[in-house]
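Results of the structural survey
What follows is the residue order along each chain.
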Amino acid sequence: MFQIVKKKDLNAEVVWMDILAPAVAKKAKAGQFIIFRVDETGERVPLTIADYDRDKGIVTIIFQKVGASTQKLAQKNEGDFILDFVGPLGTPSHFENVKKVAVIGGGVGCAIAYPQAKALHNAGVCVHMIAGFRNKEIVILKEEMEQVSDRFFLATDDGSAGQKGFVTDVLKSLLEQGEQYDLVVAIGPVPMMKFVSLLTKEYNVPTVVSMNPIMVDGTGMCGGCRVTVDGKVKFACVDGPDFDGHKVDFDELIRRNNFYREQETRARETGCRLLAMQPEKGE
Amino acid sequence: MPNMQMNKTPMPEQDGKVRARNFKEVALGYTADMAVEEAKRCLHCKNSPCVSGCPVNVNIPTFLAQVAEGDFEAAYQTITSTNSLPAVCGRVCPQENQCEGKCVRGIKGESVGIGRIERFVADYHMQNETETKISRPESNGHKVAVVGSGPAGLTCAGDLAKMGYDVTIYEAFHKAGGVLVYGIPEFRLPKAIVQKEIDSLTTLGVHLETDMVIGRVLSIDELFTLGYEAVFIGSGAGLPRFMNIPGENLLGVYSANEFLTRINLMKAYDANYDTPVQYAKKVAVVGGGNVAMDAARCAMRLGAEEVSIIYRRSEAEMPARLEEIHHAKEEGIIFRFLTNPKSVLGDENGKVSGIECVEMELGEPDESGRRSPIEKEGSEFVLPVDSVIMAIGTSPNPLIRSTTEGLEANRRGCLVVNEDMLTSKEGVYAGGDAVTGAATVILAMGAGKTAAASIDAYIKNKS
């Protein structure tokens, strides 16, 4: 059992939780992930580690209430326990010989982009951070991101905060202005990572993306997290979650991530699991 | 007088059509009368070849004689003096290649149903709880860590605990049992039985730490700094193989590991659980081992209309237990022998729509002694399916060997051990699928047993 020692709503959809898991905190590194299971009937769900405090034995996760399991987790409160919390899993991020990096976060992906920016900033790297959200209401971690960035750009789809447009629009104008980056780190929805990677490929800027595909065990056992990278099949849980954005087959990944969407959506909308577990009708 | 009936006493089973749609146990087990009758078929021949066919050398003639006399508890004690998981072995051992394969009754007629009787004895014991309470052995003050809670780890831990060691098992999943819980389905090995075996270990004083991925959260070297004097690695062969053919990442292609884990460990078939799984109409399972049979039979139980097993050799070469093949056929699984997949086909949404196969014929025997299959030119055909499950084998997970210095592995990724199950690293022992590659429950148990004895000798020598 693992205790939730702090819970904070970052917006209506996104929740911050500090979990007491000393063994995980002791080994956690940026870029790695954990798998949680709320209770006996819950799924095993992977989440990238947002932060950790080795002294306090705490691991921070920041997640969006998107599926049945994240909804279930969000219903827990400070002091409550969850059944399982496994990690750290995956290969830690590894950025070498970089002096100037653009870190891009999309939506709840900012929760993972932020600690990456912080780590780079603390290592003396010049960080330009671009954070994108749908609208003003769902902006998270703005001050935190600003603090670790040499230049910080906020973009919203509807222009209700920062500039109007996508993160790719901001990145493109920076590149056009002649900004030279050693590396772009993009973390967010798969389509965002795809378009960032397409753009940086044109400009020849190495790009790292962080995957969060469907998986069961997180140790290489199920192979559900297969991602095609440079024409080769990789398991995101052990070979990743970081990959070269110029080599990932994003379209395949988007399809794979939506595999259970119909079951999920019905489970959430009707609140009735029985219905969700029935075979697909009329297919 | 021995019972000279040529055939085994039949085992009551759920009807094929009925059980193909439920997850309840297929074989219902002998009654006491059936077990006695079957035990009387043993001739008590001089050499007891059956015992040499058993990887843990269960004293088979003795326990059969005890069953024949109706002393089932004595039979249980005989079995458990060398086999710590009889309820499991009675159900999943490939007896036809082991004890029963050596039985002289098998020369003319059928061998004695040793597995069925073993199962009866274990179930009888569990139901009647006749045993005197297991007493915790006196501690000898030495700590041993066991990595993995599958058959190898459980056996090693049990044996060491009985000798007085303070044993901790580290399990990566949230539940102990390894392949017994994530791989082998409920209808073949009820999970309540596995849990009872695990409970009896904790009663012995074995500590169980779940959610611990050794190699990540703790390294093998760190285990020694925590005071463990020896480590046993029984981490299994959990890495699924794929065929590397086009279309393998389409939606609806599963590794058997993923499919079975979703169903067995994560209980996707139970509406009370959140685990999603695809409910396919037409399923192709690629492979010919027990795992392929399990996957096919699970797919059928999820409600599929048609499930095919695609196997590139002929039925004679199939590595699955005879009983599993027989049961699968009874449940309506279609066997497509001498057939090999060439690609998986998908629709415009990236979902599986079919599997392109080619017919095969058998050529000369290969290094494994089995005749190797060769493609029949121009015999390609498409089987329309909406799900494909790859059950073509697994290899050991590289996590531990890649995070432990000085731990030698062969080119197939299997840990290298000597006859005492000692690895290339002092104090580190290994056994089961992590050493052999995917094999059987009983072989893993045999390895766990040997390792426990070696660890005991090692620690005694040292102190």
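Notes on the structure in this doc start here. (Residues numbered from 1 in each chain as written. Chains lettered and ligands numbered in written order. Predicted model: local features only at pLDDT ≥ 70, side-chain atom pairs only at ≥ 80, totals over all residues. Heavy atoms only, no water.)

**So, the overall build of chain B**
This is how it is decided: In this description a helix means any DSSP run of H or I spanning at least four residues, a strand means any run of E spanning at least two, and both kinds are numbered starting from the N terminus. Computation of the radius of gyration draws on C-alpha atoms alone. For the globule rule, the value is 2.2 Å times the number of residues to the power 0.38. Think of it in three bands: with a 1.4 Å probe and only protein chains considered, a residue is buried below 20% of the maximum accessible area for its type, exposed above 50%, and partly exposed in between. Should any heavy atoms of two residues lie within 4.5 Å, those residues are counted as being in contact. In this description, accessible areas are obtained by the Shrake-Rupley approach with a 1.4 Å probe, and a residue is regarded as covered only by the protein chains that are shown. Charge convention: Lys and Arg are scored as positive, Asp and Glu as negative, and His as well as the terminal groups of each chain are ignored. To locate a charge, take atom NZ for lysine, CZ for arginine, CG for aspartate or CD for glutamate.
Counting its secondary structure elements, chain B contains 18 helices and 16 strands. Taken over C-alpha atoms, the radius of gyration comes to 23 Å for chain B, in line with the 23 Å a tight globule of 463 residues would show. Overall size of chain B, expressed as C-alpha extent along the three principal axes, is 65 × 60 × 50 Å. When the 463 residues of chain B are sorted by exposure, 60% land in the buried category. Long-range contacts, defined as pairs at least 24 residues apart, comprise 70% of the intrachain contacts of chain B with a sequence gap of at least 6. Accessible area for chain B stands at about 18,200 Å²; split by element, carbon and sulfur atoms hold 50% of it. The average position of the 47 basic charges and that of the 60 acidic charges among the side chains of chain B differ by 3 Å.

**A closer look at the pattern of salt bridges**
All names here are of chain B. Short version of the rule: Any carboxyl oxygen of Asp or Glu within 4 Å of a side-chain nitrogen of Lys or Arg constitutes a salt bridge here.
Inspection of every chain in the model, using the stated rule, returns 37 salt bridges over all chains. The partner of Arg119 in a salt bridge is Glu25, and the shortest N-O contact between them spans 3.1 Å. Of this pair, Arg119 sits in helix α8 (residues 114-128) while Glu25 is found in the loop between α1 (16-19) and α2 (32-39), placing the two residues 94 residues apart along the sequence. Taken as a pair, Arg119 and Glu25 share a single burial class, namely buried. The salt bridge involving Asp366 is made with Arg313; its shortest N-O contact spans 3.6 Å. Here the residue Asp366 occupies a position in the loop between β11 (352-365) and β12 (371-375), and Arg313 occupies one in the loop between β8 (306-310) and α15 (322-330), the gap between them amounting to 53 residues. Residue class for Asp366 comes out partly exposed when judged on its relative accessible area of 27%. A network of salt bridges, in which partner residues are shared, links Arg19, Arg188, Asp294, Arg297, Arg301, Arg321, Glu323, Glu324, Glu330 and Glu331.

**So, the pairing of strand β7 (residues 282-286) of chain B**
A regular strand carries its side chains on alternate faces of the sheet. All names here are of chain B. The condition that has to hold: Strand pairing follows a simple DSSP-based rule, namely that at least 2 bridges must link the two strands.
Of all five residues making up β7, four are buried, and the element is well covered by its neighbours. Note that β7 and β8 share five bridges and pair parallel. The residue bridging Ala284 from the neighbouring strand is Ser308, located in β8.

**Focus on the side chain of Arg301(B)**
Residue and element names in this part refer to chain B. Mapped onto the secondary structure, Arg301 falls in helix α14 (residues 290-301). The exposure class of Arg301 is buried, given its relative accessible area of 5%. Sequence-distant contacts of Arg301, defined by excluding residues within four places in its chain, comprise Arg19, Ala20, Arg21, Asn22, Phe23, Val26, Phe187 and Glu331.

**Description of the interface of chain B and chain A**
The test is simple: Here the buried area means the combined drop in accessible surface, using a 1.4 Å probe, for two parts upon being joined, counting both sides.
Counting residues at the interface gives 43 residues for chain B, matched by 48 residues for chain A. Interface area lost by chain B to chain A is led by Arg216(B), Asn249(B) and Asp274(B), which between them contribute 20%. Viewed at the interface, chain A and chain B are joined by two salt bridges. The salt bridge partner of Lys27(A) is Glu222(B), with a shortest N-O separation of 2.5 Å.

**Concerning unusual backbone geometry**
Residues and elements named next belong to chain A. Here Gly87 and Pro88 are connected by a cis peptide whose omega angle stands at -5°. If you check the backbone angles, Leu141 has positive phi at about 55° while not being a glycine. Turning to its location among the elements, Leu141 is positioned in the loop between β10 (126-133) and α4 (142-147). By relative accessible area, which is 7% here, Leu141 ends up buried.

**Observations concerning the packing of α2(B) against helix α4 (residues 60-68) of chain B**
Residue and element names in this part refer to chain B. The criterion, for reference: Lines fitted to the C-alpha atoms define the axes, with helices restricted to the stretch that makes contact. Angles between their N-to-C directions range from 0 to 180 degrees. Oblique is the label for every angle not falling under 35 degrees (roughly parallel), over 145 degrees (roughly antiparallel), or within 65 to 115 degrees (roughly perpendicular). Working rule for handedness: look at the near helix, and if it is turned counterclockwise from the far one by less than a right angle, call the crossing left-handed; if clockwise, right-handed. When residues are grouped by polarity, Ala, Val, Leu, Ile, Met, Phe, Trp, Tyr, Cys and Pro land in nonpolar, Asp, Glu, Lys and Arg in charged, and all others, Gly among them, in polar.
Between α2 and α4, whose axes approach to 8 Å, the crossing angle comes to 130°. In terms of axis orientation, α2 runs oblique to α4. Considering only the axes of α2 and α4, their crossing is left-handed. Contacts between α2 and α4 involve Ala35, Val36 and Ala39 on the former and, on the latter, Leu64, Val67 and Ala68. In the contact of α2 with α4, the residues fall into six nonpolar, no polar and no charged.

**Things to note about the packing of aromatic side chains**
So the rule is basically this: Stacked, edge-to-face and tilted are the three classes for Phe, Tyr and Trp ring pairs, Trp counted by its six-membered ring, which pair at centre distances within 6.5 Å; planes under 30 degrees apart are stacked, over 60 edge-to-face, the rest tilted. Note on geometry: a ring has a charge over it if NZ (lysine) or CZ (arginine) is within 6 Å of the ring centre and within 35 degrees of the ring normal.
Summed over the entire model, instances satisfying the criterion amount to 14 aromatic pairs over all chains. Between Phe23(B) and Phe187(B) the ring centres are 6.2 Å apart and the planes differ by 50°, which places this aromatic pair in the tilted class. On the criterion of sequence distance, the pair formed by Phe23(B) in the loop between α1 and α2 and Phe187(B) in the loop between α10 (179-182) and α11 (191-203) is long-range, its members being 164 residues apart. For the pair shown, Phe23(B) and Phe187(B) are each scored as buried. Counting every residue linked through ring pairs, the aromatic cluster contains Phe259(A), Tyr260(A), Tyr254(B) and Phe259(B). Taking the ring centre of Trp16(A) as reference, the NZ or CZ of Lys8(A) above it sits at 4.5 Å. Over the face of the ring belonging to Phe335(B) we find Lys329(B), whose NZ or CZ atom lies 5.7 Å from the ring centre.

**Details of the pairing of strand β8 (residues 84-89) of chain A**
All names here are of chain A. Across the six residues that make up β8, a large majority, six, are buried. Bridge analysis of strand β3 (residues 33-37) against β8 gives four bridges, and the strand direction is antiparallel. The residue bridging Arg37 from the neighbouring strand is Asp84, located in β8.

**Describing the sheet that holds strand β2 (residues 166-170) of chain B**
All names here are of chain B. Pairing is parallel across the open sheet formed by five strands, whose spatial order is β3-β2-β1-β4-β16. Of all the strands in the sheet, just β3 (207-209) and β16 (428-430) have a single pairing partner and so form its edges. The mean angle between the axes of side-by-side strands here comes to 20°, regardless of whether they run parallel or antiparallel. Here strand β1 (residues 143-147) pairs with strand β4 (residues 230-233) via four bridges, running parallel.

**Some words on the environment of Thr225(B)**
Residue and element names in this part refer to chain B. Its place among the elements puts Thr225 in helix α12 (residues 220-225). Of the residues examined, Thr225 reaches a relative accessible area of 66% and is grouped as exposed. Along the backbone, Thr225 and Glu118 are 107 residues apart, and their C-alpha atoms lie at a distance of 42 Å.

**A look at the environment of Tyr254(B)**
Using the following cut-off: Residues adjacent in sequence count toward polar contacts only when both atoms are side-chain atoms; beyond that, a polar contact is any pair of N or O atoms within 3.5 Å, and within protein one must be able to donate a hydrogen and the other to accept it.
Here Tyr254(B) lies in strand β6 (residues 253-255). For Tyr254(B), the residues in contact, after removing those within four places along its chain, are Phe259(A), Tyr260(A), Phe242(B), Phe259(B), Arg262(B), Val277(B), Gln278(B), Ser387(B), Val388(B), Ile389(B) and Met390(B). Side chain to side chain, Tyr254(B) and Tyr260(A) meet in a polar contact 2.6 Å long. A distance of 3.0 Å separates a polar side-chain atom of Tyr254(B) from the backbone nitrogen of Gln278(B).

**Quick look at the sheet that holds strand β12 (residues 163-164) of chain A**
Residues and elements named next belong to chain A. Pairing is mixed across the open sheet formed by seven strands, whose spatial order is β12-β11-β10-β9-β13-β14-β17. Of all the strands in the sheet, just β12 and β17 (242-244) have a single pairing partner and so form its edges. Against the sheet, helix α5 (residues 167-176) contacts β9 (100-106), β10, β11 (151-156) and β12, and its axis sits at roughly 150° relative to β10.

**Here's the deal with the state of the cysteines**
Spelled out, the test is: We call a pair of cysteine sulfur atoms a disulfide whenever their separation is within 2.5 Å.
Across all of its chains, the model carries zero disulfides over all chains by this definition. Looking at the unpaired Cys222(A), the closest cysteine sulfur is the one in Cys225(A), lying at 5.8 Å. Note on Cys222(A): relative accessible area 2%, which makes it buried. The structure places no disulfide on Cys99(B), whose sulfur is separated from the nearest cysteine sulfur, that of Cys54(B), by 6.4 Å.

**As for α15(B)**
Think of an α-helix as turning once every 3.6 residues; residues three or four places apart then point the same way. Residue and element names in this part refer to chain B. Note the cut-off: Comment: arc refers to directions from the helix axis out to C-beta atoms.
Within α15 the residues assigned to the buried category are Glu324, Ile325, His327 and Ala328. Down the axis of α15, the smallest arc covering the buried residues is 165°, so these residues share one side. Looking at the packing, one finds that the buried side of α15 touches α1, α14 and β9 (334-336). Looking at the residues trailing α15, positive phi occurs at Gly332, about 90°.

Functional significance is not addressed by these values, which are geometric in nature.
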